[in-house]
Amino acid sequence: MKFTVNSTDLLSRLQIVSRVIAPKSTLPILEDVLFDIADGKLTLTASDLDTTLVTTMDLPSADADIKVAISSKMLLETVREFSDQPLEFNINDNNFAIIIKTASGSYNLVGQNGAEYPALPSFDDNANNIVFPVETLYEAISKTIFATTDDDLRPVMNGVNFDITENNVTTVATDAHKLVRFTTSEVKGSADSSFILAKKSANPLLTVLQKESGSVVVKYDSKNLQFSLDNYNMYCRQVEGRYPNYNGVIPQNNPRKIIVDRQAFIGALKRVSIFANEASNLIKLHILPNEIQVSAQDLDFSVSAEEKLQCQYDGDEMSIGFKSSFLVEILKNIDSDDILMELADASRAGIILPLKNKENEDLLMLLMPMLLNE
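Nothing here was measured: the structure is a model prediction, and the numbers come from that model.

Each value, and the rule that gives it
Residues numbered from 1 in each chain as written. Predicted model: local features only at pLDDT ≥ 70, side-chain atom pairs only at ≥ 80, totals over all residues. Heavy atoms only, no water. Buried < 20%, exposed > 50% of the residue type's maximum accessible area, 1.4 Å probe, protein only. Helix = DSSP H or I, 4+ residues; strand = E, 2+ residues; numbered from the N terminus. Pairing = 2+ DSSP bridges. Axes fitted to C-alpha atoms, helices over the stretch in contact; angles between N-to-C directions. Contact = heavy atoms within 4.5 Å. Salt bridge = Lys/Arg side-chain N within 4 Å of Asp/Glu carboxyl O. Parallel < 35°, antiparallel > 145°, perpendicular 65-115°, else oblique. Left-handed = near helix turned anticlockwise from the far one by under 90°. Nonpolar A, V, L, I, M, F, W, Y, C, P; charged D, E, K, R; others polar.

(A) Up close: the pairing of strand 25 (residues 350–354). Burial within strand 25 is extensive, with 5 of its 5 residues counted as buried. Every second residue of strand 25 is oriented toward a common face, with G350, I352 and P354 on one face and I351 and L353 on the other, all of them buried. Where strand 24 (residues 338–343) and strand 25 come together, 4 bridges link them in antiparallel fashion. Residue pairing across strands places M341 opposite I352, the latter belonging to strand 25. The antiparallel hairpin formed by strand 24 and strand 25 contains 6 residues in its connecting segment. The pairing of strand 25 with strand 26 (residues 361–367) spans 3 bridges and is antiparallel. Each bridged residue has a counterpart across the sheet, and for I352 the counterpart in strand 26 is M365. Count of turn residues in the strand 25/strand 26 antiparallel hairpin: 6 residues, of which N360 carries a positive phi of about 65 degrees.

Next up, the structure:
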């Protein structure tokens, strides 16, 4: 059979779906992209069994229907080098040999029978559905995913937890050192429910969300998730297990409240942390009325640094230590020009908030302190 496809259109879809393909797989066919040609449309599918990404595009011409799996790596490297032009695929129905023809050449590949490609996951009859605006789902994931852990011994913390109620949706991520909680009232569920989206699935989903607009329909049961957009569908396995009680670790009474310019704070932390001990990355915040003294030292090399930063604060003097890289990471994931820090004492977690939240959003970030050697 033969079909024709535009090289630029094909490349843009291949680059996105192939993000879910694992470099090495126990099933060789999972190193391929499935081409499913039916009714004048091309459906591309890539999977690592945990995450499957599907996209469909119209074809200028196709003379039959067929399913064939083609090496993702070889196809991507080839199509990437073409200028914007039509590509004619000729596929042998018997042995799945493939010839790609252009105006100036031809390229021979070996395909596999697409019928051997793993089927899409199925859902229970009582599966739930919830609709997100694309931008809201992107915010909910991107604002939290950096706080996930890579610890395989705690798999539930290696993903973003979604708590859905009739009033709002809350996404949470934590690695036990930092915690991020994002709540939007723009999206509401029909009943209370929850699921955990694995980080390895969330990253390619973010790439898709950046390309799309409109709405995302999220379908989920006790095992699987499906994210349906105009041009893409993603299927992924949920992370199994119960997420920790995150609200229980957020301190409620924080009498010390400091308002500071976010970018100025990031700049000071980056400069001073160069002089911090490489192993601990500890920086000290000495907080005075209307001033924060940011300092660090590395006794092994006899180096130190201190920088003063203006702020709004009229409480008692206090000092607290944080891991500089974690604090900078948190500040970078807040959009507000000014941030509000809520502190109790040097041993309790610090709360970091945007001074002004976006409409229908509530963002809270928590960072555990480090012990100061004074």
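Having seen the structure, we can now continue with the description.
(B) How the structure looks around the sheet that holds strand 15 (residues 193–198). Strands sit in the order 15-12-13-14-26-25-24-19 across an open sheet of 8 strands; the sheet is antiparallel. Where the open sheet ends on each side, the last strands, each with one partner, are strand 15 and strand 19 (256–261). Sheet twist, expressed as the average angle between the axes of neighbouring strands with direction ignored, equals 20 degrees. Seen against the sheet, helix 4 (residues 199–211) touches strand 12 (159–164) and strand 15 and runs at an angle of roughly 80 degrees to strand 15.

(C) Region of the structure containing the pattern of salt bridges. Scanning all chains against the criterion turns up 16 salt bridges. A salt bridge links K200 to D48; the shortest N-O distance between them is 3.1 Å. Separated by 152 residues along the polypeptide, K200 in helix 4 and D48 in the loop between strand 3 (41–47) and strand 4 (51–58) bring together distant segments of the chain. The exposure class of K200 is partly exposed, given its relative accessible area of 46%. Of the charged contacts in the structure, one is a salt bridge between E139 and K358, with a shortest N-O distance of 3.5 Å. Remark: K358 occurs in the loop between strand 25 and strand 26 and E139 occurs in helix 3 (residues 134–142); sequence separation between them is 219 residues.

(D) Main features of the packing of helix 5 (residues 262–273) against helix 6 (residues 324–332). Contact pair helix 5 / helix 6: the axes reach a minimum separation of 10 Å and the direction vectors enclose 155 degrees. Our classification of the angle between helix 5 and helix 6 gives roughly antiparallel. Crossing angle aside, the handedness with which helix 5 passes helix 6 is left-handed. Only S324, L327, V328, L331 and K332 of helix 6 make contact with helix 5, whose side of the interface consists of R262, F265, I266, L269, K270 and S273. When grouped by side-chain class, the residues that make up the contact of helix 5 with helix 6 number 6 nonpolar, 2 polar and 3 charged.

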